[in-house]
Amino acid sequence: MYQALYRKYRPRFFKDVAGQEHITSVLAKEVAEHTFGHAYIFTGSRGIGKTTCAKILAKAVNCPNEHDGEPCGECAVCRGIDDGSLLDVTEMDAASNRNIDDIRDLRAEANFTPAVAKYRVYIIDEAHMLTKEAANALLKIMEEPPEHVIFILATTEVYKLPATILSRCMRFDFKRMQPQVIAERVKFVCKMEHIEIDDGAAQLIGEIADGGMRDALSLLDICRADEHITVETVSRCAGLAGREYLFELADCVAKRDTHAVLETVERLYQSSADVARLCDEMINHFRSLMIVSCSKDAASILKVLPKEMERLKEQAKSISQTDIFYCISVLQEATAKMAKSASKRLEFELAMVKLCSPELSQSSEALLARIEKLENEIAVLKARCAVQAGDTAAYAAAKTAAEEQKNAAETPKPDETASGNIKMSPASEGAGESAAVKPFAEWNAVLDILNSRDKMLFVLLSGSKAYESGNRILIDSANDTFIPYMQKSQDANERIKAAIAEACGKRYGIGPYKKAEKKSENDPLAQLEQRARLSGIELL
């Protein structure tokens, strides 16, 4: 029977684990010096070696021929762990064995001495899926474990584990692998399997895999149907090609063409397109446009072909950042409603009509988009008035003002560093008048976590700062669209709170940090009206 490449080439020694040398070197040294602990937590994203390292560690502590912390791989114990026949090493899936009864059975079994090996090793995968009662039951035996028992907990969401369990374990954070590291491993596997692959194709697989070796080898398994794997082969198998309809829909939104967008949706629906999937693809497409408009090096974030990158850059010029965030907000709301709606198609069509007609929405994003449109129209009218009056200088000034206004709308404002004291912001007053505001030291760690899990929030928070005030973290972002977006997306708030909890081990509330500034005498709409009247534009 054919064995998948990611299983066939799963590392069996610490030295073979790619991209996690900061962890494997420590584990090997602990085994060599017999200073290993009784409980470990391996955390990180999927497919980067957590379970693999857990199995290697189980072999190393039990191998009678261990050398420099590495198992021999040839003895009965090593072979038994590799093929799953050794009963002293148990791999348990907490997603399906998550109840208190499962943990009670584990505790009863753990009291018995191992039959063959030196230690009983319990590898609990997806440990964050354990129920509260099961986690408390596991805590008891982890508190005072038998001398012959070792626990290894693997999880992708470590912040969901109780702090009482975290404090009793040695924690190792696995990193996403760099595309170059994955590409080298892919080329090694191709060499062993006698598969021809171009360097560019291997690099593209490494970028698409998003830091996971298992995803990379699974994609290679699909691509190997071709005798010679090229960049075109990888793009076709990964679904990177043939997404013209996304650009077509986005163009309709940019032109505010409601008729064209509904016709396109109808055509795609008649072609058996899944509207829920189409909505997700549109969210990702606008995310790509957001990254292109915000980042100086979008190619390092987006995993797209060079031709598609050029198209994204061209399309991003016709849609402002305000409109992009409005589109993402509306589509995310539509996705949430689809789960409860009797007609997913209707929800998607309503969302696309809203994108073409922001006046139909009362959200803050829609209001920002409408104000920006009015400002651009006023700038154009001023230029036309200047031309009609024959005032060339006034026309040039109006044209320059219009260009500056557009650039200001599409470019995040520079960060203004407060000199001297930091004053309490309105958002932090809820923490108590006596709460001190101080810089949040772990903010860079929070940004690293978001960079690996949520590129959209990372781009929004690029260049941001954070301050601690009591039980709240106040976020100072230079991007004007950050606060309106956070007000609409409760899910984004929870992801930031989770990243903060993972970085510092404590749960905080979040809020905006506002620097002390003088109150404006007029509100934005009044100022807009005043500029229009000064320009000689008649308002109704």
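Here we summarise the structure given alongside this text. Along each chain, the written sequence defines residue order, and numbers are assigned to residues from 1. Per-residue local features of the predicted model are confined to residues with pLDDT of at least 70, and side-chain atom pairs are confined, for both listing and counting, to 80 or more; whole-chain, interface and lining totals are unaffected and use all residues. Excluding hydrogens and water, the side-chain values take into account all heavy atoms of the structure.

**A look at the sheet that holds strand E10 (residues 472-476)**
Through backbone hydrogen bonds, the strands of a sheet pair up, either in parallel or in antiparallel fashion. If DSSP finds at least two bridges between two strands, the strands pair. Secondary structure elements follow DSSP: runs of H or I no shorter than four residues count as helices, runs of E no shorter than two count as strands, and numbering proceeds from the N terminus. A sheet is described by the order of its strands in space; here four strands give the open sequence E8-E9-E10-E11, paired in mixed fashion. For this open sheet the edge positions go to strand E8 (437-439) and strand E11 (509-512), each flanked by a neighbour on one side alone. Going across the sheet, the axis of each strand differs from the next one's by a mean of 35 degrees, ignoring polarity. Both strand E9 (residues 465-469) and E10 contribute to a ladder of five bridges, which runs antiparallel. Following the sheet pairing, Ser469 is matched in E10 by Arg472. As a rule, the C-alpha atoms of each element are fitted with a line to give its axis, helices using only the stretch in contact, and angles between N-to-C directions run from 0 to 180 degrees.

**As for the sheet that holds strand E5 (residues 170-173)**
Taken in spatial order, the five strands line up as E2-E3-E4-E1-E5 in an open sheet, and their pairing is parallel. Sheet topology places strand E2 (89-93) and E5 at the edges, where each strand pairs with a single neighbour. On average, each strand axis in the sheet is inclined to that of its neighbour by 15 degrees, with strand direction left out of account. As paired elements, E2 and strand E3 (residues 120-125) share five bridges and run parallel to each other. Note that in E3 the partner of Met92 across the bridge is Ile124.

**Topic: the environment of Asn493**
Within the secondary structure, Asn493 is located in helix H23 (residues 490-504). Among the residues examined, Asn493 registers a relative accessible area of 13% and is labelled buried. Taking C-alpha positions, Asn493 is 9.9 Å from Leu457, a pair spaced 36 residues apart along the chain. Any two residues whose heavy atoms approach within 4.5 Å are treated as being in contact. Those residues in contact with Asn493 that lie beyond four places of it in its chain are Met486 and Ile510. A 1.4 Å probe rolled over the protein chains alone gives each residue an accessible area, and that area as a share of the maximum for its type sets the label: buried under 20%, exposed over 50%, partly exposed in between.

Geometry only, nothing functional implied.
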